[in-house]
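Observations on chain architecture
Residues per chain are reported as follows:
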Amino acid sequence: MEDLFKKIISHCKEYGFIFPSSEIYDGLSAVYDYGQIGTLLKNNLRDYWWRSMTQINENIVGIDSAIFMHPKIWKASGHVDAFHDPMIDNKDSKKRYRADELIEDYLSKINEKIEKEILKAQKKFGNSFNIDLFLQTNLKVKEYKEKYDSIKERLKQALNNNDLKELKNIIEEEKICCPVSGTCNWTDVRQFNLMFSTQLGPTSDEADLIYLRPETAQGIFVNFLNVYKTGRMKIPFGIAQVGKAFRNEIVARQFIFRMREFEQMEMQFFVKPGEEKKWFKYWKEQRMLWHKTFGLDDKFYRYHDHEKLAHYANAATDIEFLFPFGYKELEGIHSRTDFDLSSHQNYSGKKMSYFDPDTQESYIPYVIETSIGLDRLFLAIICGTYKEEKLEDGSIREILSLPDFIAPIQVAVFPLVKRDGMPEKALEIFEMLQPYFYTFYDEKDSIGRRYRRMDAIGTPYCITIDQETLTHNTVTIRNRDTMIQDRVAIDNIINYLQNKLCISNKLKIIQQNARMALQSL
Ligand code: ATP
C-alpha cells in the first residue's frame, strides 16, 4: 500500500495534477499547488458539491465570506481557547507527533492483531466458524480486546478532561515508540494552537492581531442574519460556502491529506431546536449517498461515529475513506446545537434569533454541519480510481478511471496519422467540440502512446480521425475503461458525448435521494 501511495504521488506530479509548493526553493512543508490538469479536476469536484447543495436544494444558498474576520469571532467560536492538539516530541529523532494519534495508531495495531487471529480461525474452522463464540472464548483475542477497550477508554477520558499527563502515561506504559528512532524517549505532552495569526493594518499593537480562518463555518454563522433576512429564508434552511482554511498542523504528512493551507466545502443547516437529531440522520445518509455517486466500490466508505465530541457538538460522525494508508476521515457531519449562534450573540450583542411566522415563536436555531475538505476529496478520488492494468501484450497501462462527469479533459481528438488530410480534419472537429467540452488535441507519437497519456489523466473518450472519416464522415470514439471503439457520425459526436458527460444525470440522483428521504422524514 505504501508503494501504491508513492506511485500515486509521483503520478500526480508527472501528469500535472499536483506540484509541491515553491518547488524551485525546495518546497514548503505541507503546502501544494494544483497543476494544469489538477486544477480542472479540483474545479469539477468543487462545482459538483456546490451544485448538489445549492442547485438541487431550494432551501440552501451559497455565500463567499472573507478569509480575514474580526478576531473576536475566534474567541466566540472557541478556537482561541480550544483549537489545539496535544503534541509530543521524541528527543532522539526530534520528530513531533500528535499524542492522541500515536495512541490511536497503537490501538489500530491491536485491532489488526485481533483481525489476524479471526482470519486464521476462519481458515481453520471453515463453515462451522462462529465469530461471536470465538471472540468470547479465545484467550489471546480476549486479552487483546480487553487491552484495546481499556486504552481506548483512557484515551477518551484523557481527551475529554484535557489530561495531558494521562496521555503521556499511556504512551509510556504501553511503550509506544517513535517510528523513526524506535525509542520511547519522549518530552511531556503540550497543547499547540493550530491557528495562524497575522497583523492587520500598519501598526503592530495587540489590537490588530487577526487569524487566518481555520474553518469556513464561522463566515456562515456571522452572516446568518444577513442571509436569513435578505433571502427571506424559512427554517429549515442551509448556507453553503467553499473556501480556503488554514491550520498550523503539528504533523502534516501524507501528501494533500493533511495540509496547512487547504480548501473546505461546508454547509450549515439551520433547524428548529429539538429537530436536530432527525436532520443529523438525514444529512448523515445524504452525504454518504452523495459520495456513492462517484461510483467507487462500497468498500471505500464507512461511518465512524465520534466518541469524543467537540465542545460545540451533541452528535458527530465522520465519513471515512479507505486511503492507501487506511480508513481516514473524509467528511465530518456534526450536530453543532446552537453553540455558535448563541456564542456570537453573547460576544457581539446582536440578537441571533429566528422568528417563525407559523408558530409566532422566536428561537436561536440549531445547526447541522456537513464539512468536507476539497483536497481530501481530490485525493480520495485519485486513490480510488488509479489502476495499473496488465494488457494482453504484457505491457502495463496506468489508468485513472475517473467518473466521466468530473474528468479534467473530457475528450481528446487525434488524427490517426500525420498526413492525408487527417490533421486538418481532426483540427476541424477539435474546434467544433471546444465550446462544449474540455478538449485536447494531439498528433505527436503513435496513436497507442497518445491513448496511454489520456488514460493516465482520466480522459474518458478519445476520438480518432482515420481514412473512413475522410470518406464517410465518421470517427471512432474510444472508451477509456473498456477500450472499445464506437463508430459515430461527425454530426452525432456532440450528442453522443453530452449524454455521457452530463453532470445533470448525477444531480438527478442527488435530487431523487433527497426527495425520497424528505418524504419519510
Ligand atoms: P482531522 O481529524 O483529520 O484533523 P478534523 O476533524 O480536524 O480533521 P474538521 O475540522 O472536521 O476536521 O474539518 C472538516 C474537513 O476538512 C475534514 O473532514 C477534512 O476533509 C478537511 N480537513 C481538515 N483539516 C485538513 C487539513 N489539514 N488538510 C486538508 N483537509 C483538511
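Treat the numbers as computed from the prediction; the structure is a model and nothing was measured.

Looking only at helices and strands, the protein has 18 helices and 23 strands in total. The C-alpha atoms of the protein give 26 Å as radius of gyration, which agrees with the globular expectation for 521 residues (24 Å, within 12%). Relative to its 521 residues, the protein shows a buried fraction of 50%. If you take every contact in the protein between residues at least 6 apart in sequence, the share linking residues at least 24 apart comes to 67%.

Our focus in this paragraph is the environment of Leu102. Secondary-structure assignment places Leu102 in helix H5 (residues 99-125). Given a relative accessible area of 8%, Leu102 falls into the buried group. Residues Leu102 and Ala407, spaced 305 residues apart in sequence, show a C-alpha to C-alpha distance of 37 Å. Leaving out residues up to four positions away in the same chain, Leu102 has contacts with Ile88, Tyr97, Ile171, Ile176 and Trp186.

For the rest of this paragraph, the subject is the site of the ligand. Close contacts around the ligand come from 17 residues, with Glu249, Arg258, Met259, Glu329 and Gly373 the closest. Contacts to the ligand include Glu249, whose side-chain N or O atom sits 2.8 Å from a nitrogen atom. Out of a free accessible area of 590 Å², the ligand has 85% covered by protein chains. Put simply, the parts of the chain that give the shell around the ligand at least two residues each are strand S10 (261-271), strand S13 (326-337) and strand S16 (366-373).

A few words on the nonpolar core. Among the nonpolar cores identified, the biggest contains 72 residues, and Phe17 and Trp283 are the most heavily contacted of them. Residue contributions to this core peak at eight residues, all from helix H13 (residues 374-385). A domain split of this core shows at least three residues from each of domain 1 (35-70 + 209-384) and domain 3 (391-504). Counting residues in hydrophobic clusters, the runner-up holds 21 residues, among them Met422, Ile477, Ile490 and Ile494.

On to the domain arrangement of the protein, then. Here the protein is described as being made up of domain 1 (35-70 + 209-384), domain 2 (86-193) and domain 3 (391-504). Taken together, the contact between domain 1 and domain 2 spans eight residues of the former and 12 residues of the latter. Interface area lost by domain 1 to domain 2 is led by Ile250, Glu307 and Lys308, which between them contribute 59%. Remark: the boundary between domain 1 and domain 2 carries one salt bridge. One can count zero residue pairs in polar contact (both at pLDDT 80 or more) joining domain 1 with domain 2. Of the residues that constitute the side of domain 1 that touches domain 2, the class distribution is two nonpolar, one polar and five charged.

Of the strand pairs in this sheet, strand S22 (residues 474-479) and strand S23 (residues 485-489) are connected by five bridges, and their pairing is antiparallel. Bridging from a neighbouring strand, Arg478 pairs with Gln485 of S23.

Okay, unusual backbone geometry next. Note that the residue after Ile235, namely Pro236, is joined by a cis bond; omega there is 5°. Tracing the chain through its elements places Pro236 in the loop between helix H10 (224-230) and strand S9 (237-246). Of note, Lys94 is a non-glycine position whose phi angle comes to about 65°, a positive value. Checked against the element boundaries, Lys94 lands in the loop between strand S4 (84-89) and strand S5 (96-98).

Turning our eyes to something else, we now look at helix H18 (residues 504-519). For H18, built from 16 residues, the straight-helix expectation of 22 Å at 1.5 Å per residue is met to within 8% by its first-to-last C-alpha distance of 22 Å. Of the residues making up H18, those classed as buried are Leu507, Ile510, Asn513, Ala514 and Ala517. All buried residues of H18 lie within an arc of 120° about the axis, which places them on one face of the element. Opposite the packed face of H18, turned more than 90 degrees from it, sit the exposed residues Met516 and Gln519. Against the buried residues of H18 lie helix H2 (36-54) and helix H11 (276-292).

This brings us to H13. Along its 12 residues, H13 runs 17 Å from first to last C-alpha, staying within 8% of the 16 Å computed at 1.5 Å per residue. The element H13 is largely enclosed, with a buried count of 12 among its 12 residues. For H13, the set of buried residues is Leu374, Asp375, Arg376, Leu377, Phe378, Leu379, Ala380, Ile381, Ile382, Cys383, Gly384 and Thr385.

Turning our eyes to something else, we now look at the sheet that holds strand S6 (residues 190-193). Pairing is antiparallel in the open sheet, where three strands are placed in the order S5-S4-S6. Whereas interior strands pair on both sides, the edge strands pair on one side only; in this sheet they are S5 and S6. Recorded for the sheet is a direction-independent mean angle of 45° between the axes of neighbouring strands. The pairing of S4 with S5 spans three bridges and is antiparallel. Looking at S5, one finds that Met87 is bridged to Arg98. Relative to S5, H5 is tilted by about 70°, and along the sheet it contacts S4 and S5.

We now examine the pattern of salt bridges. Applying the stated criterion across every chain, the model contains 47 salt bridges. Across the salt bridge formed by Lys244 and Glu261, the nearest N and O atoms sit 2.7 Å from each other. On the criterion of sequence distance, the pair formed by Lys244 in strand S9 and Glu261 in strand S10 is long-range, its members being 17 residues apart. By relative accessible area, which is 29% here, Lys244 ends up partly exposed. A relative accessible area of 28% places Glu261 in the partly exposed class. One salt-bridge network, in which partners are shared between bridges, spans Asp85, Arg98, Asp100, Glu101, Glu249 and Arg258.

Calculation rules
- Residues numbered from 1 in each chain as written.
- Predicted model: local features only at pLDDT ≥ 70, side-chain atom pairs only at ≥ 80, totals over all residues.
- Heavy atoms only, no water.
- Helix = DSSP H or I, 4+ residues; strand = E, 2+ residues; numbered from the N terminus.
- Rg over C-alpha atoms; globule rule 2.2 N^0.38 Å.
- Buried < 20%, exposed > 50% of the residue type's maximum accessible area, 1.4 Å probe, protein only.
- Contact = heavy atoms within 4.5 Å.
- Near = heavy atom within 4 Å.
- Polar contact = N/O pair within 3.5 Å; in protein donor to acceptor, adjacent residues only side chain to side chain.
- Areas by Shrake-Rupley, 256 points an atom, 1.4 Å probe, with all protein chains shown as cover.
- Core = buried A, V, L, I, M, F, W, Y, C linked by side-chain atoms within 4.5 Å.
- Domains from an automatic or database assignment.
- Buried area = accessible area lost by both parts, 1.4 Å probe.
- Salt bridge = Lys/Arg side-chain N within 4 Å of Asp/Glu carboxyl O.
- Nonpolar A, V, L, I, M, F, W, Y, C, P; charged D, E, K, R; others polar.
- Pairing = 2+ DSSP bridges.
- Expected span 1.5 Å × (residues − 1).
- Arc of directions from axis to C-beta.
- Axes fitted to C-alpha atoms, helices over the stretch in contact; angles between N-to-C directions.

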